[in-house]
Amino acid sequence: MRGSDPFYRDTWVEVQLDAIEENIKNVRKRLPKQTAIIAVVKANAYGHGAYEVAKTALASGASGLAVAFLDEALALRNDGIRAPILVLGAARPQDAPIAAENAVSLTVFQTDWLTEARQHLGGQKLSVHIKCDTGMGRIGVRSTEELKAVEKLIESETCFSFDGIFTHFATADEIDTALYEKQYSRFREMVESLGTRPPFVHCANSAAALRFDQTPFNAVRLGIVMYGLAPSPEMKAILPFPLKEAFSLHTKVTHVKQIHTGDTVSYGATYTADQDEWIATLPIGYADGWIRKLQGQEVIVGGEKAPIVGRICMDQCMVKLPHAVPVGTEAVLIGRQGEYLVSVDEIAEKLETINYEVTCSISARVPRIFMQKGQKVTKVLNFLLAK
Ligand code: PMH
């Protein structure tokens, strides 16, 4: 029989939904009234839990959601989310009817795609947003000619509903705004070349939404700041309000032992004690996304810092303690404990990557626990157990 938690593992991610609410409300205050917030909850809400983040975002000022793939949109629909959902990435034309049936909007940018989707749609109506590639070089129409051809096809077919047009910035989080400005004016030109302006015109990600005037458009796509993380280290200094980090990673010590001079720890015996030392074992490893490159990183155990020693294993890793602690002592790998904080950004720096990648990489094997007003609200486990 299961206990009160739907999992049997002392390693978990805690997501502070209050922090997400506060971050969104702070952005909301700074946006023009008519600007809609589309909460970007792709990749399981950057590892935070798509359903719970979507619910919180919608209750805090967002009016729509965006994901990368149709499957992510359908999962939210299956969980009962009824708000508008836009799939930002490319979908397959044969899947257009599934999107239409579930009132999911798709991103389009090729006339061939539309021609093929039309054949699959029959009488169903698919909501589409046109993607413009103004300099990101990923997906989208690149010229007004291409845009006009796509628009013409959409407008000539009753199976398509032209609901939006958007672009995505490559450098909105950088101090140098040259490419941003180029993309911005290309996008405006493209929007102005349209025969019909669709209901939603959107371009800003978090960085652009916080830095630049959004009045010419009527929606922003908010990802990283909603989670309380800065879009880039450069932007930390120019954030208009303090962000609240929502994500923390916890575990509990499973074993404590004293080792002696010459004893080694973990695979490859790469760590050798040069005195008597206390070593704790933590039940988290690279299969949880706590990857081997984190060797040497400090975690917080019983309120004190403890470096990871020896190689990180698939499911466990070892830390060097200043003194013995009882088995079951909580360790914080990301987040705050006592006087210390290990931020997502600190882990990103250690891994020579960006904060987005850190939260996304903590694998589905790690249960997510959701906190609201200091209470656990729901506990949803990943793929291992049904809700
Ligand atoms: N819109 C699109 C099309 C995106 O791809 C993303 C994030 C966002 C909005 C939200 O951006 P933000 O989190 O900076 O607010 N996409 C990605 C990506 O593909 N890689 O890193 C972030």
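Residue numbering note: each chain is counted from 1, following its sequence as written. Where totals are concerned, whole chains, interfaces and linings use all residues; where local detail is concerned, this predicted model gives features only for residues with pLDDT of at least 70, and gives and counts side-chain atom pairs only at 80 or more. To get the side-chain values, all heavy atoms of the structure are used, and hydrogens and water are removed first.

Student: Quick one: what's the story with the packing of aromatic side chains, residue by residue and with numbers?
Tutor: Pairing of aromatic side chains here covers Phe, Tyr and the six-membered ring of Trp, requires ring centres within 6.5 Å, and sorts the geometry by plane angle: under 30 degrees stacked, over 60 edge-to-face, intermediate tilted. Under the counting rule described, the total for this entry stands at seven aromatic pairs. Between Phe169 and Tyr180, the ring centres sit 4.5 Å apart and the planes meet at 50°, which makes this aromatic pair tilted. You can see Phe169 sitting in the loop between β7 (160-167) and α8 (178-192) and its partner Tyr180 sitting in helix α8, a full eleven residues away along the chain. Members of the aromatic cluster, connected to one another through ring pairs, are Phe169, Tyr180, Tyr184, Phe187, Phe212 and Phe217. Numbering goes from the N terminus for both helices and strands, where a helix is a DSSP run of H or I of at least four residues and a strand is a run of E of at least two.

Student: Tell me what's going on with helix α1 (residues 17-30), and back it up with residues and numbers.
Tutor: An α-helical segment advances 3.6 residues per turn. Residues three or four places apart therefore align on the same side. The span expected for a helix works out to 1.5 Å for each residue beyond the first. Taking 1.5 Å per residue, 14 residues should reach 20 Å; α1 reaches 21 Å between its end C-alpha atoms and fits that length. Among the residues making up α1, those that are buried are Leu17, Ala19, Ile20, Glu21, Asn23, Ile24, Asn26 and Val27. Relative accessibility under 20% of the residue-type maximum defines a buried residue, over 50% an exposed one, and the middle range a partly exposed one, all with a 1.4 Å probe and only protein chains included.

Student: I'd like a description of the pairing of strand β3 (residues 64-67), backed by residues and values.
Tutor: Of the two faces of β3, both are covered, the one formed by Gly64 and Ala66 as well as the one formed by Leu65 and Val67. Where strand β2 (residues 36-40) meets β3, three bridges bridge the pair, whose relative direction is parallel. Paired with Val40 across the strands is Ala66, a residue of β3. Across three bridges, β3 lies against strand β4 (residues 85-87) in parallel orientation. Looking across to β4, one finds that Leu65 is bridged to Ile85. Whether a crossover is right-handed depends on one test, that the path from the first strand over the helix to the second runs clockwise when the strands point away from the viewer. Regarding topology, helix α4 (residues 70-78) serves as the crossover connection from β3 to the parallel β4, and that connection is right-handed. Strands pair, by our definition, only if DSSP identifies at least two bridges between them.

Student: Summarise the packing of α1 against helix α3 (residues 50-59); cite the residues concerned and give the values.
Tutor: Interaxial angle, 0 to 180 degrees, is taken between N-to-C directions of lines fitted to C-alpha atoms, where a helix line uses only the stretch in contact. Viewed as axis vectors pointing N to C, α1 and α3 meet at an angle of 40°, and their least axial separation amounts to 9 Å. It follows from the interaxial angle that α1 and α3 lie oblique. In this structure, the crossing between α1 and α3 has a hand that is right-handed. Facing Leu17, Ile20, Glu21 and Ile24 of α1, the residues of α3 in contact are Glu52, Val53, Thr56 and Ala57. Amino acids outside the nonpolar list (Ala, Val, Leu, Ile, Met, Phe, Trp, Tyr, Cys, Pro) and the charged list (Asp, Glu, Lys, Arg) are all regarded as polar, and Gly is one of them. Here the contact of α1 with α3 is built from residues that sort into five nonpolar, one polar and two charged. Between 65 and 115 degrees an angle is taken as roughly perpendicular, under 35 as roughly parallel, over 145 as roughly antiparallel, and anywhere else as oblique. What makes a crossing left-handed is the near helix being turned counterclockwise from the far one by less than a right angle; a clockwise turn instead makes it right-handed. Contact between two residues is taken to exist if any of their heavy atoms lie within 4.5 Å; hydrogens are not considered.

Student: Quick rundown of the domain arrangement of the chain? Include the residues and the values.
Tutor: Here the bounds of each domain stem from an automatic or database domain assignment. The assigned domain composition of the chain is domain 1 (18-227) and domain 2 (247-342). On a C-alpha basis, the centres of domain 1 and domain 2 stand 42 Å from each other.

Student: Give a detailed account of the sheet that holds β2, specifying residues and quantitative values.
Tutor: Pairing is parallel in the closed barrel, where eight strands are placed in the order β2-β3-β4-β5-β6-β7-β8-β9. Taken over all neighbouring pairs, the strand axes of this sheet differ in orientation by 30° on average, direction set aside. Across the sheet, α8 lies against β6 (126-132), β7 and β8 (200-204), angled at about 155° from β7, the strand it touches most.

Student: I'd love a proper account of the confidence of the model for the chain, names of residues and values included.
Tutor: Looking at the chain as a whole, its pLDDT mean stands at 95, while 96% of the residues score no less than 70. Think of pLDDT as the predictor's per-residue confidence, scored from 0 to 100. Per-residue pLDDT, averaged within each element of the chain, yields its smallest value for strand β21 (residues 375-380) (73) and its largest for strand β5 (residues 104-108) (99). Every residue in residues 381-387 is under pLDDT 50, and counting partners more than four places away or in other chains gives 16 contacts.

Student: Give a description of the pattern of salt bridges that names residues and reports values.
Tutor: Only one rule defines a salt bridge in this text: a Lys or Arg side-chain nitrogen within 4 Å of an Asp or Glu carboxyl oxygen. Applying the stated criterion across every chain yields a total of 13 salt bridges. With its nearest N and O atoms 2.7 Å apart, the salt bridge here joins Arg142 to Asp133. For Asp315, the salt bridge identified is with Arg365, shortest N-O distance 3.0 Å. One end of the pair, Asp315, is in the loop between β16 (304-309) and β17 (317-321); the other, Arg365, is in the loop between α12 (355-361) and β20 (368-372), with 50 residues separating them in the sequence. Using a relative accessible area of 24% as the deciding quantity, one classes Arg365 as partly exposed. What you see here is one network of salt bridges that share partners, running through Arg9, Asp288, Asp315 and Arg365.

Student: Describe the packing of helix α6 (residues 111-121) against helix α7 (residues 144-156), and please don't skip the residues or the numbers.
Tutor: Where α6 meets α7, the closest approach of the two axes is 9 Å, and the angle between their N-to-C directions is 15°. Taken as axis vectors, α6 and α7 run roughly parallel relative to one another. Crossing hand, α6 versus α7: right-handed. Residues Thr111, Leu114, Thr115 and Arg118 of α6 lie in contact with α7, whose contacting residues are Ala149, Val150, Leu153 and Ile154. Of the residues contributing to the contact of α6 with α7, the split by class is five nonpolar, two polar and one charged.

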